[in-house]
Amino acid sequence: MTYFDQNALKLCHAFWRRRLRPGMTCVDATAGRGRDAAVLCELIGEAGHLFAFDIQPEAIESTRERLAGAGLLDRATLICASHSRMADYVPAADAVVFNLGYLPHGDHAIGTTAAESIPAVEAALSILAEDGFVTICLYYGGDSGYAEHDALLSYLWQLDARQYTVMVQQFFNRPNCPPIFIVIEKNW
Ligand code: SAM
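Residues numbered from 1 in each chain as written. Predicted model: local features only at pLDDT ≥ 70, side-chain atom pairs only at ≥ 80, totals over all residues. Heavy atoms only, no water.

## Some details on the overall build of the protein chain
Quick reminder of the rule: Secondary structure is summarised from DSSP: a helix means a run of H or I of at least four residues, a strand means a run of E of at least two, and numbering begins at the N terminus for each. Every radius of gyration here is taken over C-alpha atoms, with the globule rule written as 2.2 Å times N^0.38, N being the number of residues. Classification of residues uses two cut-offs on accessible area relative to the type maximum, computed with a 1.4 Å probe and protein chains only: under 20% is buried, over 50% is exposed, and between them is partly exposed. Residue contacts follow a heavy-atom distance rule, with two residues in contact if any of their heavy atoms lie within 4.5 Å. All accessible areas in this document rest on Shrake-Rupley with a 1.4 Å probe, and a residue is counted as covered only by the protein chains that are shown. Asp and Glu are treated as the negative residues and Lys and Arg as the positive ones, with His and the ends of the chain left uncounted. For the purpose of locating charges, the reference atoms are NZ of Lys, CZ of Arg, CG of Asp and CD of Glu.
Within the protein chain one finds 6 helices and 7 strands. Going from the N terminus to the C terminus, the protein chain shows its helices and strands as α-β-α-β-α-β-α-β-α-β-α-β-β. Here the C-alpha atoms of the protein chain give a radius of gyration of 15 Å, agreeing with the 16 Å that 2.2 N^0.38 yields for 188 residues. Dimensions along the principal axes, computed over C-alpha positions, put the protein chain at roughly 40 × 40 × 35 Å. Out of the 188 residues in the protein chain, the part that is buried amounts to 49%. In the protein chain, of all internal contacts separated by at least 6 residues, the share reaching a separation of at least 24 is 72%. In the form shown here, the protein chain has an accessible surface area of approximately 9,300 Å², with 54% of it arising from carbon and sulfur atoms. Between the mean site of the 14 positive side-chain charges and the mean site of the 22 negative ones, the protein chain shows a separation of 6 Å.

So this is what it looks like as structure tokens:
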């Protein structure tokens, strides 16, 4: 694989394709326009289930429309609540995915924040299967700013290495803050 035509989202989807199997339970912690949710629903098949969270009713409706249009809505439960509360709704998951930033073609003032996304990653790790994973596509700079990027990377850096493996991939010499792809796995 060459990295020339890659970006964080492509790396993320390729990782899902390698790891997700029919019948799995996934959480999309940032439903947005439902593009990721549709990919996840395809990969987990009819026997799988997706729980998708977003705080914006507009995003939940977009996701509902996209999944319904693709005939995938029966594989998903859409929840208009913060991802920090995911453990209140989902007892266990094989994968939890985050695509941090703001709603595409939406209000750039309503983006993800470290105050919610760090507790959400903690919640994700608390419900994760032993061989499960968390992925994070981290957008920063521009309208997203740097606060969530700085706080989240600091948090991940101090995660106990005996319990978790954290991989951070970034296009180091590309300009304009290219998004970062992160994987967290439990050591087992
Ligand atoms: N995965 C989406 C897609 O495929 O279209 C893109 C997600 S977008 C970059 C980030 C989303 O996170 C926005 O829709 C925003 O409303 C949502 N968000 C912001 N804070 C949140 C929170 N505390 N809990 C859940 N979603 C949140």
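## Overview of the site of the ligand
Our working rule: In this text, near means that some heavy atom of the residue lies within 4 Å of the molecule or strand in question. Polar contact is the term for a pair of N or O atoms within 3.5 Å; when the atoms are in protein, one must be able to donate a hydrogen and the other to accept it, and sequence-neighboring residues count only if both atoms are side-chain atoms. Residues are said to line a cavity or pocket when one of their atoms sits within 4 Å of a point; the points come from a 1 Å grid over protein atoms alone, cavities being sets where a 1.4 Å probe fits but cannot get out and pockets being open sets with protein on both sides within 12 Å along at least five of seven lines. For a molecule to be placed in a cavity or pocket, more than half of its atoms must lie within 2 Å of the grid points of that cavity or pocket. All residues other than Ala, Val, Leu, Ile, Met, Phe, Trp, Tyr, Cys, Pro, Asp, Glu, Lys and Arg, Gly among them, are scored as polar; the first ten of these are nonpolar and the last four charged.
In the vicinity of the ligand, 21 residues are found, and the nearest of them are Thr 30, Arg 33, Asp 36, Asp 54 and Gln 56. Arg 33 is positioned such that a nitrogen or oxygen atom in its backbone is 2.8 Å from an oxygen atom of the ligand. A distance of 2.7 Å separates a nitrogen atom of the ligand from a polar atom in the side chain of Asp 36. Contact with the protein chains hides 96% of the accessible area of the ligand, taken as 610 Å² for the molecule alone. When atoms are counted within 2 Å of each cavity's grid points, the one that captures over half of the ligand is the largest pocket. Within the shell around the ligand, the residues separate by chemical class into 6 nonpolar, 10 polar and 5 charged.

## Description of the sheet that holds strand β5 (residues 128–138)
Spelled out, the test is: When DSSP finds at least two bridges between two strands, those strands are taken to pair. Lines are fitted to the C-alpha atoms to define the axes, a helix being fitted only along its stretch in contact, and any angle between axes, read from their N-to-C directions, falls within 0 to 180 degrees.
Pairing is mixed in the open sheet, where 7 strands are placed in the order β3-β2-β1-β4-β5-β7-β6. Strand pairing shows two members of the sheet lacking a second neighbour, β3 (76–80) and β6 (164–169), which therefore form its edges. Strand-to-strand, the axes of this sheet are offset by a mean angle of 15°, without reference to chain direction. Pairing between strand β1 (residues 25–28) and strand β4 (residues 93–100): 3 bridges, direction parallel. Bridging across to β4, Asp 28 finds its partner in Val 97. Each of β4, β5, β6 and β7 (180–186) is contacted by helix α1 (residues 8–19), which is oriented at about 165° to β5, the strand it contacts most. This element, helix α6 (residues 147–157), spans β4, β5, β6 and β7 of the sheet and lies at about 150° to β5.

## Brief notes about the layout of surface pockets
Rule in force here: Grid points are joined across faces, edges and corners, and a volume is the space filled by probe spheres set on the points.
Volume-wise, the largest pocket comes out at about 670 Å³. Lining the largest pocket are 32 residues, and of these Asn 99, Gly 101, Tyr 102, Leu 103 and Pro 104 lie nearest its centre. For the lining of the largest pocket, the elements supplying multiple residues, two or more each, are α1, α2 (35–44), β2 (49–54) and β4. Taken together, the residues of the lining of the largest pocket break down into 13 nonpolar, 14 polar and 5 charged. Taken as a whole, the second largest pocket holds about 170 Å³ of empty space. The wall of the second largest pocket is formed by Met 1, Tyr 3, Leu 11, Ala 14, Phe 15, Arg 18, Thr 165, Met 167, Gln 169, Phe 181, Val 183 and Glu 185. Counting residues per element, the lining of the second largest pocket draws most heavily on α1, at 4 residues. Considered class by class, the residues forming the lining of the second largest pocket number 8 nonpolar, 2 polar and 2 charged.

## Digging into unusual backbone geometry
Despite not being glycine, His 105 has its phi angle at roughly 60°, a positive value. Among the structural elements, His 105 can be located in the loop between β4 and α5 (114–127). Its identity is not glycine, yet Asn 176 carries a phi of approximately 65°, on the positive side. Within the fold, Asn 176 resides in the loop between β6 and β7.

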